[in-house]
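Descriptive analysis of the structure
What follows is each chain in one-letter form.
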Amino acid sequence: MKTLRKVVVMAGCTALAWAAGSGVSQAATAQANTTATVVLPVTITKTVDLNFGRFMSGASGGTVVVSTGGAQSVTGGVTTTAALGSTAAAAAFTISGEPTSTYAVTFPAQTNLTGPGAPMTIGTFTTASSGTLNTFGAASETLSVGATLTVGASQASGTYSGTMDVAVNYN
């Protein structure tokens, strides 16, 4: 009987210890504020097409460069003259986004103009902005894009055309 009493006392002590322990655990809580900020989407709208103007191809190849200000210059075997009436123009885009946010402008590595002769390659894109380049202002701004056109030797005369993709994204 003493053994049974010891077992009952031990079982009771165990149950009492278990019950006492479950009431001892503590829980702590804290509260955090939550916020969300919705920013303006980036917008880009073309207002002027990139035009390399009028020029002549010579016995050796060369380039036609249109600056972000729309000025045309030529190198190598490419020539131009005022008599041709330059129609060169930099591309222009109206862009906007969240004020003071930074952005990046990206172009393809190169793109082609196709026409009656061999394709001509456009590359070495340059940019300028009516605001602070790569940072959105409080209002929309004008992004100007110039580029370099590589002209082949004795390039066939005629009109060449193509497209270029300009992307503006938040950094």
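You'll find the structure just up there.
Residues numbered from 1 in each chain as written. Predicted model: local features only at pLDDT ≥ 70, side-chain atom pairs only at ≥ 80, totals over all residues. Heavy atoms only, no water.

1. Let's talk about the overall build of the chain
Note the threshold: Secondary structure counts use DSSP, requiring at least four H or I residues in a row for a helix and at least two E residues in a row for a strand, with both numbered from the N terminus. Only protein chains enter the accessibility calculation, which uses a 1.4 Å probe; a residue is then buried when its area is under 20% of its type maximum, exposed when over 50%, and partly exposed in between. What makes two residues a contact is simply this: any of their non-hydrogen atoms within 4.5 Å. Every accessible area reported is derived by Shrake-Rupley at a probe size of 1.4 Å, with residue values counting cover from the shown protein chains alone.
Looking only at helices and strands, the chain features one helix and nine strands. Helices (α) and strands (β) of the chain occur, in sequence order from the N terminus, as α-β-β-β-β-β-β-β-β-β. Relative to its 171 residues, the chain shows a buried fraction of 25%. Looking at the chain alone, contacts between residues at least 24 apart form 70% of all its contacts between residues at least 6 apart. Here the chain displays about 10800 Å² of accessible surface, and carbon together with sulfur accounts for 57% of that area.

2. Concerning the layout of surface pockets
Using the following cut-off: With a 1 Å grid spanning the protein atoms alone, the term cavity applies to any set of points in which a 1.4 Å probe fits but cannot get out, the term pocket to an open set with protein on both sides within 12 Å along at least five of seven lines, and the term lining residue to any residue with an atom within 4 Å of a point. Grid points are joined across faces, edges and corners, and a volume is the space filled by probe spheres set on the points. Note on residue classes: Ala, Val, Leu, Ile, Met, Phe, Trp, Tyr, Cys and Pro are nonpolar, Asp, Glu, Lys and Arg are charged, and everything else, Gly too, is polar.
If you add up the space inside the largest pocket, you get close to 710 Å³. For the largest pocket, the lining is made up of 27 residues, of which Asn51, Phe52, Leu113, Tyr160 and Ser161 are closest to its centre. Secondary structure elements with two or more residues in the lining of the largest pocket: strand S1 (43–48), strand S4 (91–96) and strand S7 (120–129). Split into classes, the residues belonging to the lining of the largest pocket amount to 14 nonpolar, ten polar and three charged.

3. Structural notes on the pattern of salt bridges
Rules: Any carboxyl oxygen of Asp or Glu within 4 Å of a side-chain nitrogen of Lys or Arg constitutes a salt bridge here.
Here the structure, examined in full by the defined rule, presents one salt bridge. Lysine 46 is the partner of aspartate 49 in a salt bridge, and the nearest nitrogen-oxygen pair spans 3.0 Å. Residue class for lysine 46 comes out partly exposed when judged on its relative accessible area of 46%.

4. A closer look at the pairing of S4
Test applied: The pairing criterion for strands is at least two bridges between them, as found by DSSP.
Pairing of S1 with S4 involves five bridges; the strand directions are antiparallel. If you follow isoleucine 44 over to S4, its bridge partner there is isoleucine 95. In terms of strand pairing, S4 meets strand S8 (residues 141–151) through five bridges, oriented antiparallel. Bridge assignment links phenylalanine 93 to a residue of S8, and that residue is leucine 143.

5. Section: the nonpolar core
Quick note on the threshold: Among buried residues, those of type Ala, Val, Leu, Ile, Met, Phe, Trp, Tyr and Cys that are joined through side-chain atoms within 4.5 Å constitute a nonpolar core.
Of all hydrophobic cores here, the largest spans 26 residues; its most connected members are Phe52, Phe93, Leu143, Leu149 and Met164. Only strand S2 (62–66), S4, strand S5 (103–106), S7 and S8 provide two or more residues apiece to this core. In this view, phenylalanine 52 contacts Val64, Val66, Gln72, Ala88, Leu113, Ile122, Ala147, Thr148 and Leu149; residues no more than four positions away in its chain are not counted.

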